[in-house]
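Structural features, examined
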Amino acid sequence: MAGEFKKGMLKRILILALVIVFLFCIDGVRVLYLQTARSNELASKAQSQQLSDTEVSAMRGTIFDSEGNVLAQSATVWNVFLDPANINEKERTLIANTFAEKLKLSDEEKQELIEKSKKKTRYSVVAKKIENDIKEDIAKFSAENKLGDAIGFEQTTRRYYPHNSLASSVIGFTGSDNQGLTGIESYYEDELKGTNGRIVTVKDANSNKLPTDYETSVDAVDGNSLVLTINQTIQYYLEKGLRTTMQEYKCKGAYGVVMDCNTGAVLAMSSMPDFDCNEPYEITYSKTKKELKKIKNKKEKSEAQSLAIQNQWRNFTVSDTYVPGSVFKTFMASAALEENVVSLDTTYNCTGSIQVKDYRMNCHYHPGHGTQTLTQGLENSCNPFFITIGQKLGVHNYFKYFDAFGFTQKTGIDIPGEAISQYYKEQQYGIVELSSASFGQTNSLTPIQVACGLCAIANGGTLLKPYIVSEIKDANGNTVKKTEKTEVRRVISEETSEKVRTMMKAVVDEGTGKNGYVAGYRVGGKTGTSTKLGEFKEGERTKYIVSFAAIAPAEKPEIAMLILVDEPNEDLGGGALCAPIAAQVIEQAMPILNVEPKYDEKEMKNLSIPTPNVVGKSVSGAKSALEGKGLKYKVVGSGKKVLAQSPSSSVNIPSKGTVVLYTEKGEKKKVKVPDFTGLTVSEANSAAAEANLNIEISGNNLSSSTVVAYRQSTDKGTKVDIGSVITVSFKNTHSVLD
């Protein structure tokens, strides 16, 4: 009996021992599994419980214009977070009410904050990127109510654009994570973003941070800054002209590029409608807003709104193509002169059309221009003349220069989204295709390609690579990289360049580009029109893109420019719509580029002069001084001595202008500025004289019924001193669709 019992006990002990060994084996295998397969995961969990790892945002680099003006910069802002585990119900209500007031939360947003404060977590973000003054206000509230364990702050950055929409299609904008989404902000993301830092802090068993003795930090490295080639003033006047024209003529868009033709630097670039870089999702164009209001279907409206937003982000000058129209004739003239198939003495008799195989190709002037020289052919933008030039040049030579001017490749400009031109390959040309291409139809190019081609004509014949960033600097202001001029190839000779520049000057002096005239500067130009085939339904009016190419000064160019207006609501050409914009930009750009005006004899006669200072003189002495300068006068009062004058001695007055002389004390007489819009030069002079004002004439000053005022320096209805000088700009409204 005892033996059996002993035997049974040994059996039980053996089984128990085997179970224990088995369990130990299982635990061993599990420990091995945890230490190998799940080691990283468990280490990470342990670290998250023991450590607080906070990312410190690097300051994004600043973007400057060419003169050092800030176009984009980052500043320190704060994220606010709560620790729900350290908040009781009384504190939750207090925090919610206070945050709602200080952060201006809606009832719905306040309720969301309350829900976040109840989460089973130690970290819940309730406000992002608040300004420092609001952060300090909340911090003061936290200290006063002993909520330091419940409310916390994280430093981060926010992007600001001081000039709102200025150069927006070039600069672009950043997203909520400070990453560049469009424009320069996107293209130079790696340079601008910098490297974020970290702060690692040890936590106790209750997940509270231990003192800073246990803290480790890695400093953030701020991003590099960019110096653009964009000049803020030139950019402003380009945008002003484009925006005014777009709004007046209810255009689809208006675009422009201004380049330093000797370096390839882009001085100004704009695509309208544009956007506010600080509020990129807000639609800016009034025409678009009205169109969206008409859409009642919610889905359709949402889609249209999204499309409109993306459209205003788009940089047409780089990311889209268009048919260049008659501006292309400058390149045809260059190629033909370079190949000696024509000369300046070559003539052609335009009868209004030309037969090419089965097609009759018309001149925009249907009666025909008659016999013209090559220069006159460009002045008149005669299609048949340039068709014959293209045929003389031949397909091979045509395509050789088409390629040489850079129209078959991207320019390589440092802006994202550059489009590829759409063009016929050399073997695809027949006589019809060559004839059509010779006056600027058939092929589609990007505006930046055309602008670069114009630079080659202007600078003596060398194609240059365009660029928008001139310099990259580190956070300490040290230059990291500087952009140098890049010559792509020589396209035409200096002799040909000079001939074409002279022809372009004649277009402004005598031809379709008279509105490009700027006193003191010889401007060269070429108008253009291209029909947007396939973009309108039967019964609709034809849609056009009209344009104007300009170089200035024509004898030794500093800039080349291309202005385009897309789908104006009137059938006006580039001469009427685009040339005045170019003239305004040239007038402002030349002094900035230190180009002194050179006035001819006729311009000298009409030149404004500084108003002589006659205050303190006797009336007779003042009269003599003014008459000696060829000026008129008007005396107000019966005194013997001049006590005040208008204009003052610091203001320029047009030749033969009138100075008002005050001989008694009292306020100067005021008058409302007339509306000069639509008046001819003589009518404007009469209106100014009737209002006792002086006007300075700018732009196209030819005495013609088609030359009318379109802009004035002081708004109509403004009260000014009698004798004040108002600058009135004129343009020719009779414009061909060439």
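Residues numbered from 1 in each chain as written. Predicted model: local features only at pLDDT ≥ 70, side-chain atom pairs only at ≥ 80, totals over all residues. Heavy atoms only, no water.

**Points about the nonpolar core**
A general tendency of soluble globular proteins is for nonpolar side chains to be buried together. Among the nonpolar cores identified, the biggest contains 95 residues, and I63, I184, L226, M269, Y398 and F405 are the most heavily contacted of them. In terms of nonpolar packing, the next biggest core, distinct from the first, is built from 38 residues, V258, M561, A582 and M590 among them. (Core = buried A, V, L, I, M, F, W, Y, C linked by side-chain atoms within 4.5 Å. Buried < 20%, exposed > 50% of the residue type's maximum accessible area, 1.4 Å probe, protein only.)

**What about the sheet that holds strand β29 (residues 707–712)?**
Pairing is mixed in the open sheet, where 3 strands are placed in the order β28-β31-β29. Across the chains shown, the open sheet's two edge strands, defined by having one partner strand only, are β28 (694–699) and β29. The average angle at which neighbouring strand axes cross in this sheet is 40 degrees, direction not considered. In this structure, β29 lies alongside strand β31 (residues 725–732), joined through 5 bridges in antiparallel fashion. Among the inter-strand pairings, V707 is bridged to a residue of β31, identified as N732. In this fold helix α23 (residues 681–690) packs onto β28, β29 and β31, with an angle of close to 155 degrees to the strand it touches most, β28. (Pairing = 2+ DSSP bridges. Helix = DSSP H or I, 4+ residues; strand = E, 2+ residues; numbered from the N terminus. Axes fitted to C-alpha atoms, helices over the stretch in contact; angles between N-to-C directions. Contact = heavy atoms within 4.5 Å.)

**Quick word on a positive patch on the surface**
Taken together, the side chains of K250, K289, K290, K293, K294, K296 and K301 present a region of like positive charge at the surface. Tracing the backbone shows K290 in helix α10 (residues 286–294). Taking relative accessible area as the criterion, K290 reaches 55% and is therefore assigned exposed. (Patch = residues over 30% accessible without salt bridge, like charges linked within 9 Å, V, L, I, M, F, W, Y side chains within 5 Å. Areas by Shrake-Rupley, 256 points an atom, 1.4 Å probe, with all protein chains shown as cover. Salt bridge = Lys/Arg side-chain N within 4 Å of Asp/Glu carboxyl O. Lys, Arg positive; Asp, Glu negative; His and termini not counted. Charge placed at Lys NZ, Arg CZ, Asp CG, Glu CD.)

**Focus on the pattern of salt bridges**
Considering all chains together, one arrives at 21 salt bridges under this definition. D320 serves as the salt-bridge partner of R314, at 2.6 Å between the closest nitrogen and oxygen. When its relative accessible area of 19% is taken as the criterion, D320 is described as buried. In this structure, D675 and K716 form a salt bridge, with 3.7 Å as the shortest nitrogen-oxygen distance. With D675 in the loop between β27 (670–672) and α23 and K716 in the loop between β29 and β30 (719–721), the pair connects residues that are 41 residues apart, well separated along the chain. For K716, a relative accessible area of 56% puts it in the exposed group.

**Looking at the sheet that holds strand β26 (residues 658–662)**
Taken in spatial order, the 3 strands of this open sheet run β23-β26-β24, and their pairing is mixed. Each of the sheet's edge strands pairs with one partner strand only, and the pair in question is β23 (632–636) and β24 (644–646). Each adjacent strand pair in this sheet contributes to an overall mean axis angle of 25 degrees, direction not counted. Both β24 and β26 contribute to a ladder of 3 bridges, which runs antiparallel. Bridging across to β26, S646 finds its partner in V660. Against the sheet, helix α22 (residues 619–628) contacts β23 and β26, and its axis sits at roughly 160 degrees relative to β23.

**Regarding unusual backbone geometry**
Following M272, the chain continues into P273 via a peptide bond in cis, with omega recorded as 0 degrees. Examined against the element boundaries, P273 turns out to sit in the loop between β10 (266–272) and α10. That bond from A552 to P553 is cis: its omega, -20 degrees, falls within 30 degrees of zero. Unusually for a residue other than glycine, K250 sits at a positive phi of about 50 degrees. Checked against the element boundaries, K250 lands in the loop between α9 (232–248) and β9 (253–260). The exposure class of K250 is partly exposed, given its relative accessible area of 41%. A positive phi is found at S381, a non-glycine position, where the angle reads about 55 degrees.

**Notes on the pairing of β26**
Burial within β26 is extensive, with 4 of its 5 residues counted as buried. Of the pairings in the sheet, the one linking β23 to β26 comprises 5 bridges and is parallel in character. In the sheet register, V636 faces β26, and the bridge partner there is Y662.

**Brief notes about α22**
In an α-helix there are 3.6 residues to a turn, and that puts residues three or four apart on one side. Among the residues of α22, V619, A622 and L626 are the ones counted as buried. Buried residues in α22, looked at end-on, bunch into an arc of 60 degrees, giving them a common side. Looking one or two residues past α22, G630 carries a phi angle of roughly 80 degrees, positive in sign. (Arc of directions from axis to C-beta.)

**Topic: the packing of aromatic side chains**
The full count for this structure, using the stated rule, is 24 aromatic pairs. Judged by centre distance (5.4 Å) and plane angle (65 degrees), the rings of Y398 and Y429 are edge-to-face. One end of the pair, Y398, is in helix α15 (residues 383–404); the other, Y429, is in the loop between α15 and α16 (431–438), with 31 residues separating them in the sequence. Grouping residues by exposure puts Y398 and Y429 together as buried. Ring centres of Y424 and Y429 lie 5.7 Å apart, and the angle between their planes is 50 degrees; this geometry places the pair in the tilted category. For Y424, a relative accessible area of 32% translates into the label partly exposed. One aromatic cluster in this structure is built from F328, F331, Y398, F399, F402, F405, F407, Y423, Y424 and Y429. The ring of W78 carries the charged tip of K135 above its face, separated from the ring centre by 4.2 Å. The cationic tip of K135 hangs over the ring face of F153; the distance from NZ or CZ to the ring centre is 5.3 Å. (Phe/Tyr/Trp six-rings, centres within 6.5 Å; stacked < 30°, edge-to-face > 60°. Lys NZ or Arg CZ within 6 Å of the ring centre and 35° of its normal.)

**Side note on a nonpolar patch on the surface**
On the surface, a cluster of nonpolar side chains totalling about 330 Å² of accessible area is made up of L16, I20 and F24. Within the element layout of this structure, I20 appears in helix α1 (residues 2–36).

**Things to note about the environment of Y188**
Examined against the element boundaries, Y188 turns out to sit in the loop between α7 (183–187) and α8 (189–192). Given the relative accessible area of 13%, Y188 is considered buried. It is 8.8 Å that separates the C-alpha atoms of Y188 and I415, two residues lying 227 residues apart in sequence. In this structure, Y188 is in contact with L226, D414, V469 and I472, ignoring residues within four places of it in sequence.

**Brief notes about helix α5 (residues 132–144)**
A rise of 1.5 Å per residue sets the reference length of α5, with its 13 residues, at 18 Å; its end C-alpha atoms lie 18 Å apart and thus fit the reference within 8%. Within α5 the residues assigned to the buried category are K135, I138, F141 and S142. Angularly, the buried residues of α5 cover 125 degrees about the axis, an arc narrow enough to put them on a single face. Turned more than 90 degrees off the buried face of α5, the exposed positions are D133, K140, A143 and E144. Residues of α5 that are buried in the fold lie against β3 (70–82), α3 (89–102), β4 (124–130) and β5 (151–160). Immediately downstream of α5, the backbone of K146 shows phi near 55 degrees, a positive value. (Expected span 1.5 Å × (residues − 1).)

The values reported here are purely geometric and, on their own, carry no functional implication.
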